[in-house]
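# A closer look at the structure
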Amino acid sequence: MVETHLPQPQTIGVLGAGSYGTALAIAFAKVMPVMLWGHNPEAMAQMAEKRENSQYLPGITFPEKLEITADLEQVCAKCTLLLIAVPSHALPEFLRSIKPVINDSHFLLIASKGLEPKTGRFFSDIIPEIYPNNRFGFVSGPSFAKEVAYGWPTALAVASKDIKFIRYEIFAPMHKIRQPLKFYYVEDMIGLQVAGAIKNVIAIAVGLSDGLGFGANTRAAVITHGLEEISTLGKLYGAEASTFQGLSGFGDLILTCTDDQSRNRRFGLLLGQGYSPEQAIQIIGQVVEGYYNTRETMTLAQKVNADLPIIQKVYDILFNKKSPKRAASELLLSIHNGEGSFTNL
Ligand SMILES: NC(=O)c1ccc[n+]([C@@H]2O[C@H](COP(=O)([O-])OP(=O)(O)OC[C@H]3O[C@@H](n4cnc5c(N)ncnc54)[C@H](O)[C@@H]3O)[C@@H](O)[C@H]2O)c1
Ligand SMILES: O=P(O)(O)OC[C@H](O)CO
């Protein structure tokens, strides 16, 4: 049933002008007016002048309906839907910092994939603390920024308690027009967040395996058991099992683990090739969410006594200085002994 009493947004506000925020802004601006805000005024002025994001998406010209601005107040005054794509470790602080310009009618749609730094809390628990009266949701799923910006067919999952509102009031204009960005709706915000954050950790593990010189068999085993670890932890927090079979679960895991566009996978590859985490982050030069997600996932796992062998090994490499070779051989031993997540093999 369509809720008709709510206003339909005329313009979408995208907050965060890195690769993903810019890509989403480009995709939406092919259909409706969009304002893209970024926190660096010089970078925004350059983008406005060149009509492209030369740093993250060079060569992709902005559609006419895309307005570039460094004026957050103006965006929030004009837009009901705020699509937020800042790095996950900055998200809680960012949400607090924009409070003066947010009112109760704003819908906060979070595209960042992660958990609260250090505490590992879900963003769906933090947002109501900061914005008790606002509708909010999450968008996730297999989507490399560049391909979204190119306009290549992409399917995304959107989770919210206010799914009817977001489906019929926010995305209705997108549905009316044939365009390559498709949205699928679920209510399971926990499952979506768990899957989006932890697939990054599994992608690091897969990159590590490939970087160490293992082959396709090992990659498939790590992905399969990685999905099992994601699903185990998610269900302990009340997520629905079906979410992990969907776009934001299996879909995004496959994408991130198997294509070198993924920064998390490339990070793992570099670790496997002998670079330190610090060196690897520097080489990639963009946000590597899995680095933070690994620490936060372990915090989440400890609270419910979840046993996550692959994620534990990635944690040991990143934060306990364990060598990738040693971590891998310990994992392989656990396969041999039928222990841990490999029990069903
Ligand atoms: N790039 C992708 O393909 C992709 C796809 C899906 C989801 N995401 C998610 O989108 C989020 C953003 O990632 P990205 O790929 O755009 O990162 P990016 O590294 O391309 O860009 C990050 C941007 O965030 C800005 N930034 C940093 N701290 C900020 C702050 N405190 N306030 C406002 N802006 C800040 C930086 O200046 C930069 O412009 C991440 O959570 C990521 O997981 C990315
Ligand atoms: O480049 P990554 O590893 O951050 O992955 C980007 C997206 O999350 C893929 O959906």
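Residues numbered from 1 in each chain as written. Chains lettered and ligands numbered in written order. Predicted model: local features only at pLDDT ≥ 70, side-chain atom pairs only at ≥ 80, totals over all residues. Heavy atoms only, no water.

## Quick look at the site of ligand 2
All residues in the neighbourhood of ligand 2 are listed as Lys113, Gly141, Pro142, Ser143, Lys199, Asp252, Leu255, Thr256, Gln261, Ser262, Arg263 and Asn264. One nitrogen or oxygen atom from the side chain of Lys113 is found 2.8 Å from an oxygen atom belonging to ligand 2. Arg263 places a main-chain nitrogen or oxygen 2.9 Å from an oxygen atom of ligand 2. Looking at the shell around ligand 2, the elements that each hand over two or more residues are α11 (247-258) and α12 (263-272). For the shell around ligand 2, the element with the highest residue contribution is α11, accounting for three residues. Residue composition of the shell around ligand 2, by class: two nonpolar, six polar and four charged. (Near = heavy atom within 4 Å. Polar contact = N/O pair within 3.5 Å; in protein donor to acceptor, adjacent residues only side chain to side chain. Helix = DSSP H or I, 4+ residues; strand = E, 2+ residues; numbered from the N terminus. Nonpolar A, V, L, I, M, F, W, Y, C, P; charged D, E, K, R; others polar.)

## Overview of the side chain of Thr11
Locating Thr11 in the fold gives a position in the segment before β1 (12-15). Overall, the relative accessible area of 9% leaves Thr11 in the buried class. Those residues in contact with Thr11 that lie beyond four places of it in its chain are Pro33, Val34, Met35, Lys78, Cys79 and Thr80. (Buried < 20%, exposed > 50% of the residue type's maximum accessible area, 1.4 Å probe, protein only. Contact = heavy atoms within 4.5 Å.)

## Here's the deal with the domain arrangement of the chain
Domain assignment breaks the chain into domain 1 (12-187) and domain 2 (190-337). A separation of 26 Å is found between the C-alpha centroids of domain 1 and domain 2. With 32 residues of domain 1 at the contact, the number on the domain 2 side is 30 residues. Counting the surface lost from both domain 1 and domain 2, the interface buries some 2400 Å², and carbon and sulfur atoms represent 65% of this. It is Lys113, Phe122 and Phe144 that lose the most area in domain 1 upon contact with domain 2, and together they represent 29% of the buried surface on that side. Connecting domain 1 to domain 2 are one salt bridge. For Lys113, the salt bridge identified is with Asp252, shortest N-O distance 2.7 Å. Remark: the boundary between domain 1 and domain 2 carries eight residue pairs in polar contact (both at pLDDT 80 or more). Looking at the side of domain 1 that touches domain 2, the elements with two or more residues in it are α5 (123-130), β6 (135-140), α6 (145-150), β7 (154-160) and β8 (181-186). If one sorts the elements of the side of domain 1 that touches domain 2 by residue count, β7 sits on top with four residues. (Domains from an automatic or database assignment. Buried area = accessible area lost by both parts, 1.4 Å probe. Salt bridge = Lys/Arg side-chain N within 4 Å of Asp/Glu carboxyl O.)

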